[in-house]
Amino acid sequence: MRQSIQQLKSQVQEPVMRYWQSREPRERTMLALLVGVVVVLLLWVVISSILGFKQTQAERASKSKADLQWMQANINLVAALPESAGVEAGVDSSSLRMRANQLMRQYQISAARTQPVGNSGLVLDFQTVEFDAFWRWLSAFKQQGVTVRTLNINPTGQSGLVTARLEVQIAE
């Protein structure tokens, strides 16, 4: 192994040395400067990419921490939602969807997708919705006899805007 490395070294070193010796002193100086510049540029690229990666990770961590604080600060709003009122008899998921759509028009928000779940449930996906309007809509929806089974709210990165996914069902 050691011998093969020595052979490889001599095979590479000899042509390089012959090339170097065949150059004029002025060309050698320019080549040495060029090699120095290339080495400095390579070091700069490597170091700046490492530092940029660290900075990106620090920014992500900071944003995640801010998002967590925002969510923790707003979690009390879920508990503050009024309990649902009574439900009309014979309400199914299609009338639940109609109620949701009617209230969304009233609060000027829209769901990207609504999907029935069983006979009395509904899944709603909201993309980039204003948090305050969404919260007022959800509060009014709960007052119409709807129970929230699951609720996921995520900030979008734009101030006051969130994405949300919730599953609701008719309160029993």
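Before any of the text, the structure's been laid out above.
Residues numbered from 1 in each chain as written. Predicted model: local features only at pLDDT ≥ 70, side-chain atom pairs only at ≥ 80, totals over all residues. Heavy atoms only, no water.

Engineer: So what's going on with the overall build of the protein chain? Residues and values would help.
Structural biologist: Broken down by element type, the protein chain carries four helices and four strands. For the protein chain, the succession of helices and strands along the chain, N to C, is α-α-α-β-β-α-β-β. Put simply, the protein chain has 172 residues, and 22% of those count as buried. Within the protein chain, residue pairs in contact and separated by at least 24 positions form 60% of the contacts whose partners lie at least 6 positions apart. Just so you have it, the protein chain exposes about 12,400 Å², and 56% of that area is on carbon and sulfur atoms. (Helix = DSSP H or I, 4+ residues; strand = E, 2+ residues; numbered from the N terminus. Buried < 20%, exposed > 50% of the residue type's maximum accessible area, 1.4 Å probe, protein only. Contact = heavy atoms within 4.5 Å. Areas by Shrake-Rupley, 256 points an atom, 1.4 Å probe, with all protein chains shown as cover.)

Engineer: Please give an account of the pattern of salt bridges that cites residues and values.
Structural biologist: Counted under the stated rule, the structure contains four salt bridges. One salt bridge connects arginine 23 with glutamate 27, and the closest N-O pair in it is separated by 3.7 Å. Exposure remark for glutamate 27: the relative accessible area of 30% places this residue in the partly exposed category. Note that glutamate 167 and arginine 149 form a salt bridge whose closest N and O atoms lie 3.4 Å from each other. On the criterion of sequence distance, the pair formed by glutamate 167 in strand β4 (residues 161–170) and arginine 149 in strand β3 (residues 146–155) is long-range, its members being 18 residues apart. On the basis of relative accessible area, arginine 149 is assigned to the exposed category, the value being 51%. Overlapping salt bridges, with partners in common, bring together Arg113, Asp125 and Arg165 in one network. (Salt bridge = Lys/Arg side-chain N within 4 Å of Asp/Glu carboxyl O.)

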